[in-house]
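Report on the structure
Here is how the chains run, residue by residue.
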Amino acid sequence: MCGRTACTLAPDEICRSCSYSSHSGGRQEPQWRDPPGGQKYYPSHNVAPGAHTPVIISSHHRFGTEDDAVSTERVVQPMQWGLIPSWHKGSPKKVSYETNNCRSESMLEKPTYKVPLQRGRRCVVLADGFFEWKRDQAKKQPYFIYFPDKKDTDERETNSSCLKVKKEENGVSVKSERDSNLGIVKEEKENLEQEGGSECPADTSSLNPADVLLKKEIKTELNGTDKDHQAHTGGGETKRLMTMAGVFDVWKSSDGSPPVLSYSVITVESSPAMMKVHHRMPALLLTDKEVQEWLDSENVPLEKAVKNIRATEEIQMHPVSDIVNNSRNKSPDCTKPIDLTKPKSTPSSNLMMKWLSKGKKEQSNEPLSKRIKTEPE
């Protein structure tokens, strides 16, 4: 499940972090669109359901309240967390059941989610990360879960893209492998004398010109993949936002007031990496291709898009303070890692430490003559 998130970037930083490869070629940043009805997005280290948080949608979704034309293929549109069905009667604040999360196993059966999904209302929920609580006997320990740093992701992608060498009789090896990102078969020839060194040798002196050209082409393709990933994760120093698959709906009042845009986070059974904390996790979209397929409801049918709804191992986590338990606490301390081996401070221990430190301070302020004891003559 997903019951609390953090999203701390400003609107312009979010758009910059979510740049993508447009159909017209080149990189493009999505356009920011404020929510209707005067609602606002507020960056926070502790976001609870009911708040308006940024989600990405395709720009073909229009709600009749837009003031300006959209020049991008994607839009960052803050929506209320907790889906309100379009057919809901009565106040939008009084939905009789929780819709913060949408179980993937039943989302094509329950009308609350099935109807908007059939209408193509697919979105990508953005966040720095999400919180989950691990039950440890009588207490619950909160954890903050997020995507790995870009550096770690790049190193893993580089290692997985390197082609390992097999030994053959003629001293040269050919390895063919289908790259999951590029969708093509690559061939690489390497001199077996390189075996035992780097998995991706840079020395091409022992290869014939055709082999050297082939290696250069492969390197170019891999570099292109790295650039796409860098743009998807924000590039440079921009934070890599977590991209969670979601479903949204549009509730309209009978009195003609602005519509309410709301969403649910789609959840799946946890991966082994997440299972040690909780048995459910959000469906995370890892690549720009997966994001595009989930958003593009006009060209990608739902039956194909749902194949990207699955658990993933590409996460990191650390324990955090239980101050996050109270959604009114919004400070950066909510996401800071803590050391579980250190004893937890209590109000009584804090009071004792203050009393001891106060005593030391008062003693240090005394004149030296009073602090030095003299023996009687």
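Being a predicted model, the structure only gives us computed values, none of them experimental.

**Some thoughts on the pattern of salt bridges**
Going through the model one piece at a time under the given rule, you end up with seven salt bridges. Across the pair Glu314 and Arg240 runs a salt bridge whose closest N-O atoms are separated by 3.1 Å. Separated by 74 residues along the polypeptide, Glu314 in the loop between helix H7 (302-305) and strand E19 (316-319) and Arg240 in the loop between helix H4 (209-232) and strand E16 (242-251) bring together distant segments of the chain. For the pair Glu314 and Arg240, a shared accessibility class is recorded, and that class is buried.

**Some points on the sheet that holds E19**
Read across the sheet, five strands follow the order E5-E1-E12-E13-E19 without closing on themselves; strand pairing throughout is antiparallel. Looking at the sheet topology across the chains shown, the edges are occupied by strand E5 (44-47) and E19. Along the sheet, successive strands turn relative to each other by an average axial angle of 30°, direction set aside.

**Looking at the packing of aromatic side chains**
The final tally for this structure, using the stated rule, is five aromatic pairs. Taking the centre distance of 6.4 Å and the plane angle of 5° together, the rings of Trp81 and Tyr263 count as stacked. Of this pair, Trp81 sits in strand E9 (residues 79-81) while Tyr263 sits in strand E17 (residues 260-269); the two residues are 182 residues apart in sequence, bridging distant segments of the chain. The two residues Trp81 and Tyr263 agree in class, both being buried. In this structure an aromatic cluster arises from ring pairing among Phe131, Phe144 and Tyr146. Lying across the ring of Tyr20, Arg74 places its NZ or CZ 4.3 Å from the centre. Positioned over the ring face of Trp294 is Arg122, at 5.2 Å from the centre of the ring.

**Topic: the pairing of E16**
With respect to burial, E16 is a largely interior element, ten of its ten residues being buried. Residue alternation in E16 divides its side chains into two sets, Met242, Met244, Gly246, Phe248 and Val250 and Thr243, Ala245, Val247, Asp249 and Trp251, and both sets are buried. Sheet analysis places strand E11 (residues 122-127) next to E16, joined by six bridges and oriented antiparallel. Bridging from a neighbouring strand, Ala127 pairs with Met242 of E16. Relative to E17, E16 runs antiparallel, the two sharing six bridges. Bridging across to E17, Val250 finds its partner in Leu261.

**Observations concerning the confidence of the model for the protein chain**
For the protein chain, per-residue confidence averages 77 on the pLDDT scale, and residues scoring 70 or more make up 67% of the total. When the elements of the protein chain are averaged for pLDDT, strand E15 (residues 185-191) gives the smallest value, 36, and E11 the largest, 98. Note that pLDDT drops below 50 for residues 156-236; the model gives that stretch 111 contacts with residues more than four away or on any other chain.

**Some remarks on the environment of Leu284**
Mapped onto the secondary structure, Leu284 falls in the loop between strand E18 (280-282) and helix H6 (288-295). A sequence separation of 40 residues divides Leu284 from Met244, and the C-alpha atoms of the two residues are 4.6 Å apart. Discounting residues that sit within four places of it in the chain, Leu284 has contacts with Phe147, Met242, Thr243, Met244, Glu290, Asn308, Arg310, Thr312 and Ile315.

**Comments concerning the pairing of strand E1 (residues 4-7)**
Residues Arg4 and Ala6 of E1 are buried on one face, and the alternating residues Thr5 and Cys7, pointing to the opposite face, are buried as well. Across three bridges, E1 lies against strand E12 (residues 129-136) in antiparallel orientation. Across the sheet, the residue bridging to Ala6 is Gly129, located in E12. Direction of pairing for E1 relative to E5: antiparallel, over a ladder of two bridges. Bridging across to E5, Cys7 finds its partner in Ser44.

**Overview of H6**
With six of eight residues buried, H6 lies mostly within the body of the structure. Taken as a whole, H6 has its buried residues at Asp288, Glu290, Val291, Glu293, Trp294 and Leu295.

**As for the nonpolar core**
Among the nonpolar cores identified, the biggest contains 57 residues, and Ile14, Tyr263 and Trp294 are the most heavily contacted of them. Ranked by residues supplied to this core, first place goes to E16 with six residues. Setting aside residues no more than four positions away along its own chain, Tyr263 makes contact with Thr53, Val55, Met79, Gln80, Trp81, Gly82, Leu83, Thr99, Cys123, Val125, Val247 and Phe248. One finds Trp133, Phe144, Val324 and Cys334 within the second-largest nonpolar core, a separate group that totals eight residues.

**What about the side chain of Ser22?**
With respect to the element layout, Ser22 can be found in the loop between strand E2 (20-21) and strand E3 (27-28). Separated by 3.2 Å, the side chains of Ser22 and Ser24 make a polar contact. Ignoring sequence-local partners within four residues, the contact set of Ser22 consists of Gln28 and Glu73.

**Some remarks on the environment of Arg27**
Among the structural elements, Arg27 can be located in strand E3. Given a relative accessible area of 37%, Arg27 falls into the partly exposed group. Separated by 3.1 Å, the side chain of Arg27 and the backbone oxygen of Ser19 make a polar contact. Of the polar contacts made by the side chain of Arg27, one reaches the side chain of Ser21; its length is 2.4 Å.

**Describing the state of the cysteines**
In the structure shown here, the tally under the stated rule is zero disulfides. Distance from the sulfur of Cys18, which forms no disulfide, to the nearest cysteine sulfur (Cys15) is 7.1 Å. Here Cys18 falls in the buried class, since its relative accessible area comes to 8%.

The rules behind each value
- Residues numbered from 1 in each chain as written.
- Predicted model: local features only at pLDDT ≥ 70, side-chain atom pairs only at ≥ 80, totals over all residues.
- Heavy atoms only, no water.
- Salt bridge = Lys/Arg side-chain N within 4 Å of Asp/Glu carboxyl O.
- Helix = DSSP H or I, 4+ residues; strand = E, 2+ residues; numbered from the N terminus.
- Buried < 20%, exposed > 50% of the residue type's maximum accessible area, 1.4 Å probe, protein only.
- Pairing = 2+ DSSP bridges.
- Axes fitted to C-alpha atoms, helices over the stretch in contact; angles between N-to-C directions.
- Phe/Tyr/Trp six-rings, centres within 6.5 Å; stacked < 30°, edge-to-face > 60°.
- Lys NZ or Arg CZ within 6 Å of the ring centre and 35° of its normal.
- pLDDT = per-residue confidence, 0-100.
- Contact = heavy atoms within 4.5 Å.
- Core = buried A, V, L, I, M, F, W, Y, C linked by side-chain atoms within 4.5 Å.
- Polar contact = N/O pair within 3.5 Å; in protein donor to acceptor, adjacent residues only side chain to side chain.
- Disulfide = S-S within 2.5 Å.

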